[in-house]
Amino acid sequence: MISHSIFHVIAESRAALEQRCANLIPFVLNDAQPRGLRKIAYKLKRSRIPRKLTTPEEWLALIGNASEKISVGLYKSEQI
């Protein structure tokens, strides 16, 4: 049960990242070079995309935090 929920959390974060990346496509469609205000908008949207890879330690921390939230939620539902 917990492992399924962890995958759900990971899938949600991946979907959010995909949406952020999809917002950049119109700016570079057909090898276009953004200029002027479009270039500023492109840079702003690009800045919202994380560029560094997650280290194994960070990954485990993310999964640990997700499983803690899930287990706390399960514990609360058992008390009701």
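As shown above, the structure is provided for reference.
Residues numbered from 1 in each chain as written. Predicted model: local features only at pLDDT ≥ 70, side-chain atom pairs only at ≥ 80, totals over all residues. Heavy atoms only, no water.

### Some points on the overall build of the protein chain
If you tally the helices and strands in the protein chain, you get four helices and zero strands. Along its sequence from the N terminus, the protein chain presents helices and strands in the succession α-α-α-α. Of all 80 residues assigned to the protein chain, the portion counted as buried reaches 10%. By sequence separation, contacts in the protein chain at least 24 residues apart represent 58% of the contacts at least 6 residues apart. For the protein chain, the accessible area works out to roughly 7,000 Å², and carbon and sulfur atoms hold 61% of it. (Helix = DSSP H or I, 4+ residues; strand = E, 2+ residues; numbered from the N terminus. Buried < 20%, exposed > 50% of the residue type's maximum accessible area, 1.4 Å probe, protein only. Contact = heavy atoms within 4.5 Å. Areas by Shrake-Rupley, 256 points an atom, 1.4 Å probe, with all protein chains shown as cover.)

### Examining the packing of aromatic side chains
Here the distance between the centres and the angle between the planes together describe a pair of aromatic rings. In the structure shown here, the tally under the stated rule is one aromatic pair. With a centroid separation of 5.8 Å and an interplanar angle of 55 degrees, the aromatic rings of F27 and Y42 are classed as tilted. Here the residue F27 occupies a position in helix α2 (residues 25–28), and Y42 occupies one in helix α3 (residues 37–47), the gap between them amounting to 15 residues. The pair formed by F27 and Y42 is uniform in burial state, with each residue classed as buried. (Phe/Tyr/Trp six-rings, centres within 6.5 Å; stacked < 30°, edge-to-face > 60°.)

### Some words on the environment of P26
Within the fold, P26 resides in helix α2. Given the relative accessible area of 51%, P26 is considered exposed.

Just distances and angles here, no functional claims.
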